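Per-entry structural report
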Amino acid sequence: MIENFRNIEYLKYGNERQKCAFSEIKKHRIFEKLEKYNPILTGTIPIGIDIPESDLDIICECENHSEFSKHLLQEFSDNKDFKIYSTEQNGIESTIAEFKTDNFFFEIFGQNISTEKQNAYRHMIIESRILKEKGIDFKEKIIKLKSSGIKTEPAFAKLLELNGNPYVELLKLYIKEGV
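What you see is a predicted model, and the numbers here were worked out from it, not measured in a lab.

Rules behind the numbers
- Residues numbered from 1 in each chain as written.
- Predicted model: local features only at pLDDT ≥ 70, side-chain atom pairs only at ≥ 80, totals over all residues.
- Heavy atoms only, no water.
- Axes fitted to C-alpha atoms, helices over the stretch in contact; angles between N-to-C directions.
- Helix = DSSP H or I, 4+ residues; strand = E, 2+ residues; numbered from the N terminus.
- Parallel < 35°, antiparallel > 145°, perpendicular 65-115°, else oblique.
- Left-handed = near helix turned anticlockwise from the far one by under 90°.
- Contact = heavy atoms within 4.5 Å.
- Nonpolar A, V, L, I, M, F, W, Y, C, P; charged D, E, K, R; others polar.
- Expected span 1.5 Å × (residues − 1).
- Buried < 20%, exposed > 50% of the residue type's maximum accessible area, 1.4 Å probe, protein only.
- Polar contact = N/O pair within 3.5 Å; in protein donor to acceptor, adjacent residues only side chain to side chain.

1. Describing the packing of helix H5 (residues 136-147) against helix H6 (residues 152-160)
- For the pair H5 and H6, the least separation of the axes is 9 Å and the interaxial angle reads 130 degrees. By the criterion of interaxial angle, the relationship of H5 to H6 is oblique. In terms of crossing hand, the pair formed by H5 and H6 is right-handed. Along its contact with H5, which presents Phe-138, Lys-141, Ile-142, Leu-145 and Lys-146, the element H6 presents Thr-152, Ala-155, Phe-156, Lys-158, Leu-159 and Leu-160.
- Considered class by class, the residues forming the contact of H5 with H6 number seven nonpolar, one polar and three charged.

2. Points about unusual backbone geometry
- Positive phi outside glycine occurs at Asn-38, with the angle close to 50 degrees.
- The topology assignment puts Asn-38 in the loop between helix H2 (30-34) and strand S1 (40-42).

3. Topic: the environment of Ile-142
- If you trace the backbone, Ile-142 turns up in helix H5.
- For the pair Ile-142 and Phe-156, spaced 14 residues apart in sequence, the C-alpha separation works out to 6.7 Å.
- Residues contacting Ile-142, with those up to four places away along its chain left out, are Ile-49, Ala-155, Phe-156 and Leu-159.

4. Things to note about helix H1 (residues 16-27)
- Counted at 1.5 Å a residue, the expected span for H1 with its twelve residues is 16 Å, and the 16 Å between its end C-alpha atoms agrees.
- Taken residue by residue, H1 has Gln-18, Ala-21, Phe-22, Glu-24 and Ile-25 as its buried positions.
- Here the buried face of H1 lies against H2, S1, strand S2 (56-61) and strand S5 (105-111).
- The backbone nitrogen of Arg-17 lies 3.1 Å from a side-chain oxygen of the residue at the head of H1, namely Asn-15.
- Of the residues flanking the end of H1, it is Arg-29, one or two places downstream, whose phi is positive at about 55 degrees.

5. Observations regarding the environment of Asn-103
- Considering the arrangement of structural elements, one finds Asn-103 in the loop between strand S4 (92-100) and S5.
- Under the relative-accessibility criterion, Asn-103 is labelled partly exposed at 46%.
- Not counting chain neighbours up to four residues away, the residues in contact with Asn-103 comprise Cys-20 and Glu-24.
- Of note is the side chain of Asn-103, whose polar atom sits 3.0 Å from the side chain of Glu-24.

Distances and angles like these do not, on their own, reveal function.
Here is the structure:
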């Protein structure tokens with residue numbers, strides 16, 4: 001069963017950082033402002049493997065990047081260190097906005113793909129399952145690797161002894177699991 005990461009209420013019952021993230025998201029009405037783009041909080045904070053410098057990653061589904069950019073500018077440009085840009089990720093047009101609030105750095109990421117089919121979501125789902133299967137020692141090893149500067153997916157690949165591109169190999173596990 002896939003956890004319901006669509007509803008951020010689970011953060012209220014998590015660790016201190018998750019509770020703080022919940023408060024910050026609510027205070028700034030982030031999900032309300034992004035509602036029509038089917039936002040999902042992804043990354044390390046939802047699954048409890050964040051480190052102090054981890055940001056809040058929110059993925060969105062946007063059919064029209066120009067409209068999405070205008071919306072992000074309108075809603076978030078007053079925030080500290082706001083910037084917005086477009087890029088291609090894996091050959092897919094992506095619009096990204098970044099800004100800071102009191103306690104977090106936010107990255108809002110939009111692609112013309114259903115949020116539940118985006119790689120960030122799929123990675124988080126498989127990582128969450130692996131963490132549940134492997135237990136607390138594995139989780140602590142992931143956090144230790146991340147603290148030493150290794151990114152999340154490469155840390156999982158290292159501990160799972162996966163060969164090849166860690167981002168691709170984790171997606172293969174996601175597909176293999178039949179999620």
